[in-house]
Amino acid sequence: MTVRVRIAPSPTGNFHIGTARTAIFNWLFVRNHGGQFILRIEDTDTERSRPEFTENILDGMTWLGLNWDEGPFFQTQRLDLYRQAVQTLLDKGLAYRCYTTSDELDQMRATQQARHEAPRYDNRHRNLTAEQIAQFEAEGRKPVIRFKIDDDREIVWDDQVRGKMTWKGRDLGGDMVIARQPEGDETFGQPLYNLAVVVDDMDMKISHVLRGEDHIANTAKQILLYEALGEEIPVFAHTPLILNEKGQKLSKRDGVTSISDFKRMGFLPEAIANYMILLGWTPENSTQELFSLDEAAQLFGLDRVNKAGAKFDWDKLDWINSQYLHNKAPEAVVDQLIPYWQEAGYEFDPEGDRDWLIQLTEIIVHSLTRLADAIPESRLLFGEKIKFSEKAIAQLQLENVEPVLNSIQDNLASATEFNADIAKDIIKQVTKAHNVKKGLVMKSLRAALTGELQGPDLIQSWALLHRKGWDKARLQQALAVISS
Ligand code: GLU
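What counts and what doesn't
- Residues numbered from 1 in each chain as written.
- Predicted model: local features only at pLDDT ≥ 70, side-chain atom pairs only at ≥ 80, totals over all residues.
- Heavy atoms only, no water.
- Helix = DSSP H or I, 4+ residues; strand = E, 2+ residues; numbered from the N terminus.
- Expected span 1.5 Å × (residues − 1).
- Buried < 20%, exposed > 50% of the residue type's maximum accessible area, 1.4 Å probe, protein only.
- Arc of directions from axis to C-beta.
- Contact = heavy atoms within 4.5 Å.
- Salt bridge = Lys/Arg side-chain N within 4 Å of Asp/Glu carboxyl O.
- Pairing = 2+ DSSP bridges.
- Axes fitted to C-alpha atoms, helices over the stretch in contact; angles between N-to-C directions.

1. A look at helix H3 (residues 79–91)
The end-to-end C-alpha separation of H3 is 18 Å, in line with the 18 Å expected for 13 residues at 1.5 Å each. What H3 keeps buried is the set Tyr-82, Ala-85, Val-86, Leu-89 and Leu-90. One side of H3 holds all its buried residues, which, seen down the axis, span an arc of 140 degrees. In H3, those exposed residues whose orientation departs by more than 90 degrees from the buried face are Asp-80 and Asp-91. On its buried side, H3 packs onto strand E4 (95–98), strand E5 (144–147), strand E8 (176–180), strand E9 (190–191), helix H6 (193–203) and helix H7 (216–229).

What follows is the structure, given as structure tokens:
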């Protein structure tokens, strides 16, 4: 059997982390087995679907490295297929026109509620006579199409994650609406989710449907539709939901839910992909935690997907992100840091200063957990002019600091070249000449060059500032502070 899987996001919001995790599991599964990965945009909800959400989804898939083999297909361009399926079901007597008004449905639900029964459609229009239909049409009622669901049916499938699953027909809410007739359309051109999915999965020859467990009840309904349309039923696997730290389903209330949010916060795509691989799947006989998508695909199997919900763990994601960041060459990280420095308003020329920015990256990269940390971590290293903290001012005003800094300035003025070794020599020389502790020289120099008593490596920072001439300018400012 050729393995064909799909990811079928609805563009009613940005690319959700849960959908992304489902996309990753589908990708791993299909790359492990060999086969095709299909991308389908389920945009039949025309009121809530937006092109910018489609763009966000496609960008997110690409950013994560989830390449697809076919698509994107758009359901709104496939309406004829759904209409044909509706007609087939009507012709077979497996679906019918239902004229129940929304007021009648409300009333029905109120009665059920009063009797403490679960809300369901009571199938009242399943067997209308020709006269009743004529009467409803004459009243101007607009029908919907309902698919018959037998209350006594038991629907069973072998879920590749959850094992044997059984649903009762009577728990599916009565005959289900599969299509509506939008205003001015005589053809039931508005298919509903379950019908469109089944028609597409059939047409696209999907062999395995891997999706979140929130779709389990839909699977029961969809199996009935496959049977009604006379098609082979795909293999189903339902992955556990992603939970927040409190063990509830991760939602908008948790702040970040879309892949673009994670990108903005400064996570690397390979770290997000890696984290999500582990969110619900564990490799066999291995404690390995860092995986590329390709590596994980070699090992991936649905038998190692957990049944229980997967708790989102920020500390772990941060750890994974920092591992990827720290293992990258500065040349590979610098372009990802530039937007953050720009956002912070630091002044530099991304092209002209590229070498300088790479050197800056080298200094700070090991203190970064997320890319956005580059803003605070490099704050002290941008600009000719600086602000001195109170503590730095206090340091500068200690005894001996002024002559020490003056000597450093003189040394700098006479130096014909400069590098980390020369910087160390200057410090050594000045310490000796003034007969002070090396700590005093280092601390005062740090205060003078960065305006703070703590920060990135002093020698490296000095070398970096020197390339711009900012060390001299800052020393001068520090001396001005002392004598003011
Ligand atoms: N459009 C559905 C969703 O975004 C797809 C569900 C499915 O995979 O069948 O949840």
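We are not done yet, so read on.
2. Points about helix H13 (residues 354–364)
Turning to H13, its buried residues are Trp-356, Leu-357, Ile-358, Leu-360, Thr-361, Ile-363 and Ile-364. Those residues of H13 that are buried are in contact with helix H12 (330–344), helix H14 (374–378), helix H19 (458–468) and helix H20 (470–483).

3. What about the environment of Ser-461?
Position of Ser-461 relative to the elements: it lies in helix H19. If near-sequence neighbours (up to four positions away) are discounted, Ser-461 is found in contact with Ile-363, Leu-381 and Pro-456.

4. Section: the pattern of salt bridges
Using the criterion set out here, one finds 26 salt bridges in the structure. For Asp-201, the salt bridge identified is with Arg-6, shortest N-O distance 3.0 Å. Separated by 195 residues along the polypeptide, Asp-201 in helix H6 and Arg-6 in strand E1 (residues 3–7) bring together distant segments of the chain. Assessed through its relative accessible area of 4%, Arg-6 is described here as buried. Salt bridges sharing common partners tie together Arg-6, Arg-40, Glu-42, Arg-78, Asp-200, Asp-201 and Asp-203.

5. A closer look at the sheet that holds strand E2 (residues 35–41)
Neighbouring strands of a sheet are bound in pairs by backbone hydrogen bonds; such pairs are parallel or else antiparallel. The strand order across the open sheet formed by three strands is E1-E2-E3, and the pairing between neighbours is parallel. Edge positions in the open sheet fall to E1 and strand E3 (70–74), since each of these has one partner strand only. Adjacent strand axes in the sheet meet at a mean angle of 25 degrees, parallel and antiparallel pairs treated alike. Along the sheet, helix H1 (residues 17–33) makes contact with E1 and E2, crossing E1 at roughly 165 degrees. Across the sheet, helix H2 (residues 51–64) lies against E1, E2 and E3, angled at about 155 degrees from E2, the strand it touches most.

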